[in-house]
Amino acid sequence: MKTEHEGRKGGSRNAEGRKTCVTRYVPEPGSGSGPDVAARLCFSDGGIIGERDDAILPLRHRCRAPGEVEAAHWRQWRYLVTTRRRLAKLFGPVIAARRRSRGGDGVGISSYVDSLLDLRVPNNADADGESPSNRRALRDDEVVRLVWEFLGSSTEAVVACVEWALARLVTEPEVQKKLHRELIAAGDQRKGQVSDERLQDLPYLRAVILESLRLHPPLPMIVCEVRFLFNAEEIGRDAKAWTDTDPDEFRPERFLPGGEGEDVSPVPEDKEIKMMPFGAGRRHCPGAGLSMIHVGCFVAALVREFEWAPPADDGSVDLTAINALFVKVMASLLRARITARTVQSQS
Ligand code: HEM
């Protein structure tokens, strides 16, 4: 078995000054045994802190104060393993019920779970995957993991995007006012709400979301081929591509007519790639359209109903980012002073 080091850049040290990292086991080709992905938490000088054979993911961890690092890793670890067990209990029966109830009539909506149940994968990496006899259905635990990944990464990304957008609106009151004015103008006169259909026609709301995705793509690293990593965050902030104003500035106007991002869409089209928060090409995120609507609904409702201001104590909003389980999130939860808007300001 050989090992791969993860998180070397973290440079975390424990109380004795020993560097720690998470190591991922990669089974030797043809060894035929051992876990698919297991992990060991160790010091970089080789001393082992502990190991698990049922790991799910190599941990991208948050480095804390020296000495707390191992405890933090193991808390995250326990959380991951416990979560996986709980999700297996939750999703397992639903997936099993779907497996049983699937008739051969082909009637009804085919769900994501159906496509996973229909999927056939090679029996093992060395087998000739083209031959049907070398292919197998996914096991229940594999289906559970994929459903979790699907639900987890997609909801986490949407939540992260909403939080970043709100954080930027807290720090940019003029942008918030402009957005509020647009929402009020578009609202239903009686109920004061903006319908889902109208939400898609609000250029400033779209610009605010795109600007937030440009500066804070929830999935900043996109793996296209095993050897290629695209840094969506750096692409979005590239001073050669964004020349109108400082690319680090939050300025939704760049996506309005006449702005340098006028033609930029959430998923790059044929033209120059100036940002790619949802990836690009064949494997781009299939949830991009849905996410733009989702994030738009949340941000619109929250800005329409509340005024967002910096916290009363020190008035600062910490825009530092960290890697969470699937996505990059705000390191500290957003702190803001929220005031319900009065009836006058709604009309
Ligand atoms: C703001 C929200 C979201 C962001 C920023 C985001 C971003 C991404 C990115 C960067 C990728 C990798 C694309 C690539 O490799 O080129 C991806 C893949 C994927 N996303 Fe999203 N996503 C979001 C929401 C969603 C939602 C809501 C769903 C499902 C309802 C979803 C389902 C998927 C799936 C299934 C893939 C894998 C596609 C493949 O491998 O072919 N995502 N997403």
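This structure is a prediction, so every number in the text was calculated from the model and none was measured.

**Some details on the overall build of the protein chain**
At step 1: Helix and strand counts for the protein chain come out as 9 helices and 12 strands.
At step 2: Out of the 347 residues in the protein chain, the part that is buried amounts to 22%.
At step 3: Within the protein chain, contacts between residues at least 6 apart in sequence are counted, and of these 56% link residues at least 24 apart.

**A closer look at the site of the ligand**
At step 1: Inspection of the region around the ligand gives 19 residues, with S154, A157, G279, C285 and G287 positioned closest.
At step 2: Looking at the shell around the ligand, the elements with two or more residues in it are α3 (140–171) and α8 (288–305).
At step 3: For the shell around the ligand, the element with the highest residue contribution is α3, accounting for 5 residues.

**Focus: the environment of L90**
At step 1: Tracing the chain through its elements places L90 in helix α1 (residues 69–101).
At step 2: The exposure class assigned to L90 is partly exposed, which follows from the 13 C-beta atoms found within 10 Å.
At step 3: Expressed as a C-alpha distance, the spacing of L90 and V144, which sit 54 residues apart in the sequence, is 9.2 Å.

**A word on the nonpolar core**
At step 1: Counting residues in hydrophobic clusters, the biggest one holds 40 residues, and the most contacted among them are C161, A165, L166, I209, V295 and V299.
At step 2: At the level of secondary structure, the elements contributing two or more residues to this core comprise α3, α4 (173–186), α6 (203–215), α7 (232–236), α8 and β11 (328–330).
At step 3: When neighbours within four sequence positions are excluded, V295 is seen to be in contact with V158, C161, V162, A165 and I209.

**Topic: the confidence of the model for the protein chain**
At step 1: This prediction gives the protein chain a mean pLDDT of 76; 70% of its residues lie at or above 70.
At step 2: By mean pLDDT, the top-scoring element of the protein chain is α6 (97), and the lowest-scoring one is strand β1 (residues 2–6) (38).
At step 3: Segment residues 1–12: pLDDT under 50, and 34 contacts once partners within four positions in sequence are set aside and those in other chains are kept.
At step 4: Below a pLDDT of 50 lies the segment residues 20–69, which in the model reaches 108 contacts outside its immediate sequence neighbourhood of four places, other chains included.
At step 5: Our summary of model confidence lists the complex with pTM equal to 0.70 and ipTM equal to 0.98.

**Topic: the packing of α4 against α6**
At step 1: Packing of α4 against α6 leaves a shortest axis separation of 8 Å and a crossing angle of 140 degrees. Regarding the angle of α4 to α6, the classification is oblique. Where α4 approaches α6, its residues V175, K178, L179 and E182 are matched on the opposing element by Y204, L205 and V208.
At step 2: Its residues assigned to classes, the contact of α4 with α6 shows 5 nonpolar, no polar and 2 charged.

**Brief notes about the packing of α6 against α8**
At step 1: Relative to each other, α6 and α8 sit at 110 degrees, their axes nearing to 10 Å. By the angle between their axes, α6 is roughly perpendicular relative to α8. Residue-level inspection shows L205, V208 and I209 of α6 in contact with α8, the latter providing M292, V295, G296, V299 and A300.
At step 2: Taken together, the residues of the contact of α6 with α8 sort by class into 7 nonpolar, 1 polar and no charged.

**A word on the UniProt feature "binding site: heme" (unreviewed entry) in the protein chain**
At step 1: Residues annotated in UniProt with the feature "binding site: heme" (unreviewed entry) correspond here to C285.
At step 2: Looking at the element boundaries, C285 is found in the loop between α7 and α8.
At step 3: The class for C285 is buried, based on 20 C-beta atoms found within 10 Å.
At step 4: The residues contacting C285, other than those within four sequence positions of it, are F278 and G279.

**Re the environment of R304**
At step 1: Secondary-structure assignment places R304 in helix α8.
At step 2: Accessibility expressed as a C-beta count within 10 Å gives 19 for R304, which makes it partly exposed.
At step 3: Between the C-alpha atoms of R304 and E182, which are 122 residues apart in sequence, the distance is 9.6 Å.
At step 4: Not counting residues up to four positions away in its chain, the partners in contact with R304 are H180 and L183.

**Observations concerning the environment of G92**
At step 1: Here G92 shows up in helix α1.
At step 2: For G92, a count of 14 C-beta atoms within 10 Å gives the class partly exposed.
At step 3: For the pair G92 and T171, spaced 79 residues apart in sequence, the C-alpha to C-alpha distance is 44 Å.
At step 4: Contact partners of G92, with chain neighbours within four places excluded, come to D140 and V144.

Conventions adopted
Residues numbered from 1 in each chain as written. Predicted model: local features only at pLDDT ≥ 70, side-chain atom pairs only at ≥ 80, totals over all residues. Helix = DSSP H or I, 4+ residues; strand = E, 2+ residues; numbered from the N terminus. Buried ≥ 20, exposed ≤ 12 C-beta atoms within 10 Å, placed from the backbone. Contact = placed C-beta atoms within 7 Å. Near = placed C-beta within 6 Å. Core = buried A, V, L, I, M, F, W, Y, C linked by C-beta atoms within 7 Å. pLDDT = per-residue confidence, 0-100. Axes fitted to C-alpha atoms, helices over the stretch in contact; angles between N-to-C directions. Parallel < 35°, antiparallel > 145°, perpendicular 65-115°, else oblique. Nonpolar A, V, L, I, M, F, W, Y, C, P; charged D, E, K, R; others polar. UniProt positions renumbered as here; feature names shortened; annotations may be inferred.

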